[in-house]
Amino acid sequence: MTPLPSNVPHEHDRPVTWVALAGFMGTGKSRIGWELSRRLRLTFIDTDRVIERVTCLKIPEIFELYGEDTFRAYETEVVRRTLRLDHVVVSTGGGTVVREVNRQRLQARGPVVVLSASPETIYKRTRRHRRPMLEIGDPTERIRSLMAERAPAYDAVASLRVSGDDREADDVVDDIVEGLWSWADQHPELARRGPIAEPEKIMEGDPTSNTSFAEEADAAFLEDPEPESLP
């Protein structure tokens, strides 16, 4: 992981040292997460990029070659390993929190900010990129359907919710930071909680139990570069 700069603020100068972002694809998790990490002087981690570095495959390729179940298993393992980190902003995939175990782990570590946007905004932001989950029927209707299907999971995991519709990134980050200060005041023990190291569990048939994935996952937690600006 990229070392923190020497001018990192004292812990009392920021509300938390670990925070996760969740929400549907195209809601701005990567862009807002990177901007938030700059504001709080934390390291930015994108779980999708971690999976791509470990597997040497793009997300659509994983879906095509191994299926969604394998991708979700990789996703769950990467989430588990983010609990060991500190001084990070973690951007999760759009479907990460659908799995209850992922919701439980993220909430046990710290605050989860759920970003939202309208189906129209999401389509505008995602139409230029391959999205396996949207390659069925009409994209806009598929977005509406998946958003409705995942809404209970987003509601269950949210420590706070922030809309990114038609807003500058700085304004969204302002709302998140303000919300994190309020959350930290209400949950002081969890806000100060350090890394969680869960014991290794090897399950037969689990694609993440192979030695290569296990050894490379932690090394893949490199700070991600600045993402594209929100359209």
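Treat the numbers as computed from the prediction; the structure is a model and nothing was measured.

Caption draft 1: View of the pairing of strand S1 (residues 18-23). Of all 6 residues that make up S1, 6 are buried, and the element is covered over most of its length. Side-chain alternation along S1 places Trp 18, Ala 20 and Ala 22 on one buried face and Val 19, Leu 21 and Gly 23 on a second face that is also buried. Relative to strand S3 (residues 88-91), S1 runs parallel, the two sharing 4 bridges. Directly across from Leu 21, in S3, lies its bridge partner Ser 91. With 4 bridges joining them, S1 and strand S4 (residues 112-116) adopt parallel strand pairing. Bridge pairing in S4 places Leu 21 opposite Val 113.

Caption draft 2: The side chain of Lys 29, seen in detail. Looking at the element boundaries, Lys 29 is found in helix H1 (residues 29-40). The side chain of Lys 29 is buried and forms no salt bridge, while Asp 48, the nearest opposite charge, is found at 6.9 Å. At 3.1 Å, the side chain of Lys 29 forms a polar contact with the backbone oxygen of Phe 24. Once residues within four sequence positions are removed from consideration, Lys 29 is found in contact with Leu 21, Ala 22, Gly 23, Phe 24, Phe 44, Ser 91, Thr 92, Gly 93, Gly 94 and Leu 115.

Caption draft 3: Looking closely at helix H5 (residues 100-109). Asn 102, Arg 103, Arg 105, Leu 106 and Arg 109 are the residues of H5 that are buried. The buried residues of H5 occupy one face: seen down the axis, they fall within an arc of 170 degrees. Check the buried side of H5 and you find it contacts S1, helix H4 (68-82), S4, helix H7 (139-157) and helix H9 (188-191).

Caption draft 4: Structural detail: the pattern of salt bridges. Under the defined criterion, the tally for this structure stands at 14 salt bridges. Residue Glu 77 pairs with Arg 81 through a salt bridge whose shortest N-O separation is 2.7 Å. With a gap of 4 residues between them, Glu 77 and Arg 81 both fall in helix H4, about one helical turn apart. Residue class for Arg 81 comes out buried when judged on its relative accessible area of 2%. Here the residues in one salt-bridge network are Asp 46, Arg 49, Glu 52 and Lys 58, joined through shared partners.

Caption draft 5: H7, seen in detail. Given a rise of 1.5 Å per residue, 19 residues ought to cover 27 Å, and the 26 Å separating the end C-alpha atoms of H7 matches this to within 8%. If you look at H7, its biggest bend is around 45 degrees, right at Arg 150, and the proline Pro 152 turns up within four residues after that. Residues of H7 that are buried include every one of Ile 143, Leu 146, Arg 150, Ala 153, Tyr 154 and Val 157, and no others.

Caption draft 6: Seen up close, the sheet that holds S1. Taking strand neighbours across the sheet as the criterion, the 5 strands line up as S2-S3-S1-S4-S5 in an open arrangement whose pairing is parallel. Of all the strands in the sheet, the pair left with one neighbour each is strand S2 (43-46) and strand S5 (160-163). Taken over all neighbouring pairs, the strand axes of this sheet differ in orientation by 25 degrees on average, direction set aside. In the packing of H7 onto the sheet, contacts are made with S1, S4 and S5, and the angle to S4 comes to roughly 140 degrees.

Conventions we followed
- Residues numbered from 1 in each chain as written.
- Predicted model: local features only at pLDDT ≥ 70, side-chain atom pairs only at ≥ 80, totals over all residues.
- Heavy atoms only, no water.
- Buried < 20%, exposed > 50% of the residue type's maximum accessible area, 1.4 Å probe, protein only.
- Helix = DSSP H or I, 4+ residues; strand = E, 2+ residues; numbered from the N terminus.
- Pairing = 2+ DSSP bridges.
- Lys, Arg positive; Asp, Glu negative; His and termini not counted.
- Salt bridge = Lys/Arg side-chain N within 4 Å of Asp/Glu carboxyl O.
- Polar contact = N/O pair within 3.5 Å; in protein donor to acceptor, adjacent residues only side chain to side chain.
- Contact = heavy atoms within 4.5 Å.
- Arc of directions from axis to C-beta.
- Expected span 1.5 Å × (residues − 1).
- Bend = angle between axes of the 7 residues up to and from the residue.
- Axes fitted to C-alpha atoms, helices over the stretch in contact; angles between N-to-C directions.

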